[in-house]
Structure formats: structure tokens, C-alpha cells
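This is what each chain is made of:
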Amino acid sequence: QVLVRQFFVEIALMLGLAFWSVPVSLLQVWCSLTRLHQLLPWLHLPASVVGTDLENLVVLYMPVLGLLVMLEVLPILLHRLACRYEGVKSWSALQMLTMRRYWRFQVATIAVTVLSGSMSYSLKALIREPASIVWELGQSLPQVSVY
């Protein structure tokens, strides 16, 4: 029964890793209001907020804080999953399992953040000239500044 539960948890975590890219990508797009405005022209900040400290807070800090909150809640959820559903008894095994799974999500977060940010910068150029993908990624990868 323990092996079956571990199997289902691993399958669920693999699916979770696949869908983890959605909120991380949305936060990456949200990091730049100009990019978001290019994708959704009807979306804009009210005129009373533009040019104030509140605009800086919304545009620069809130997406990063959102990502940090997601990454802070994740080990708690992984710990509870391993402890309560899988029934891991040893504290050291529980910590190791939690951190091993959390590491997967961190690597996925970094990969998705860098790739979604660089692709959103150079998407129009890639559509016009698909052969220049290496050049465009080389130019746009350094511009991704979430970390």
C-alpha cells in the first residue's frame, strides 16, 4: 500500500511540474507591464497610479513577491503530502523527500522563468525569421531579470 501511494504521489508531482509552468509564466509576463500591454492592449493601470510609487510596487515587486510566496508554500505542501498521505515516519527521510521534490520545482521555476521571459521578448522576431532562434535567444536571455 505504501508503494502504491508513493507511485501515485510521484505521478501527481510530475503532472504538477508540467502545470507549474503556467503560474510561473504568468508571473513572468506580469513582471513587465509593457510586455503585458503589448499582449493585452486593453489592460492598463489607472491614470492616477501611473508615475507613482504604487506603480513601481505593482510592476516591479509584486510579481517577484508572488513567485516567492508560491515557492514558500510549496515545501509545506510537499511535507504534508509525504507525512500524511505517504506515511513517511522518519523525520530525516521526510525532510530529504521534501527537499528532493522541492528542488525539482525550483529547477522548473528557473527554467520556465528564463525561457518564458526570453521567448516573450523575441517572439515577434522568431515569427518573422525562424532561422534566427539562436541569435534571438542569445540577445534576449540576458534581459530576463527576475533573479
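A brief look at the structure comes next. (Residues numbered from 1 in each chain as written. Predicted model: local features only at pLDDT ≥ 70, side-chain atom pairs only at ≥ 80, totals over all residues. Heavy atoms only, no water.)

### Considering the pattern of salt bridges
Inference 1: For the coordinates displayed, the defined rule picks out 3 salt bridges.
Inference 2: A salt bridge links Arg 101 to Glu 86; the shortest N-O distance between them is 2.6 Å. With a gap of 15 residues between them, Arg 101 in helix H4 (residues 91-128) and Glu 86 in the loop between helix H3 (53-85) and H4 connect regions that are remote in the sequence.
Inference 3: Sharing partners across several salt bridges, the network here consists of Glu 10, Glu 86, Arg 101 and Arg 104. (Salt bridge = Lys/Arg side-chain N within 4 Å of Asp/Glu carboxyl O. Helix = DSSP H or I, 4+ residues; strand = E, 2+ residues; numbered from the N terminus.)

### A short note on H3
Side chains that are three or four residues apart share a direction in an α-helix, a result of its 3.6 residues per turn.
Inference 1: Over its 33 residues, H3 extends 45 Å from the first C-alpha to the last, a length consistent with the 48 Å expected when each residue adds 1.5 Å.
Inference 2: Of all the bends in H3, the greatest, near 45°, is centred on Tyr 61, and the proline Pro 63 appears no more than four residues after it.
Inference 3: Every buried residue belonging to H3 is among Glu 55, Val 59, Pro 63, Leu 67, Leu 71, Leu 74, Pro 75, Leu 78, His 79 and Ala 82, and all of these are buried.
Inference 4: Taken from the residues just after H3, Gly 87 is the one with a positive phi, measuring 80°. (Expected span 1.5 Å × (residues − 1). Bend = angle between axes of the 7 residues up to and from the residue. Buried < 20%, exposed > 50% of the residue type's maximum accessible area, 1.4 Å probe, protein only.)

### Section: the environment of Pro 63
Inference 1: Positionally, Pro 63 belongs in helix H3.
Inference 2: Remark: the alpha-carbon pair of Pro 63 and Leu 27, spanning 36 residues in sequence, is separated by 5.5 Å.

### As for the packing of aromatic side chains
Inference 1: On inspection of all chains with the given rule, the structure shows 2 aromatic pairs.
Inference 2: Judged by centre distance (5.2 Å) and plane angle (85°), the ring pair of Trp 20 and Phe 105 falls under edge-to-face. One end of the pair, Trp 20, is in helix H1 (residues 2-30); the other, Phe 105, is in helix H4, with 85 residues separating them in the sequence.
Inference 3: Directly above the ring of Tyr 85 sits Arg 5, whose terminal nitrogen or CZ lies 5.2 Å from the centroid. (Phe/Tyr/Trp six-rings, centres within 6.5 Å; stacked < 30°, edge-to-face > 60°. Lys NZ or Arg CZ within 6 Å of the ring centre and 35° of its normal.)

### Describing the environment of Leu 77
Inference 1: Take Leu 77: it is sitting in helix H3.
Inference 2: Leu 77 sits in the exposed class, given a relative accessible area of 51%.
Inference 3: Remark: the alpha-carbon pair of Leu 77 and Tyr 102, spanning 25 residues in sequence, is separated by 9.9 Å.

### Things to note about the environment of Leu 115
Inference 1: Take Leu 115: it is sitting in helix H4.
Inference 2: When the C-alpha positions of Leu 115 and Ser 25 are compared, they lie 9.0 Å apart, and in sequence the two are 90 residues distant.

### Structural notes on the nonpolar core
Inference 1: By size, the foremost hydrophobic cluster in this structure holds 14 residues, and its most contacted members are Trp 20, Leu 74, Leu 78 and Phe 105.
Inference 2: When contributions to this core are tallied by element, the ones reaching two or more residues are H1, H3 and H4.
Inference 3: Ranked by residue count, the leading element in this core is H1, at 6 residues.
Inference 4: Leu 74 has contacts with Trp 20, Tyr 102 and Phe 105, leaving out every residue within four places of it along the chain. (Core = buried A, V, L, I, M, F, W, Y, C linked by side-chain atoms within 4.5 Å. Contact = heavy atoms within 4.5 Å.)

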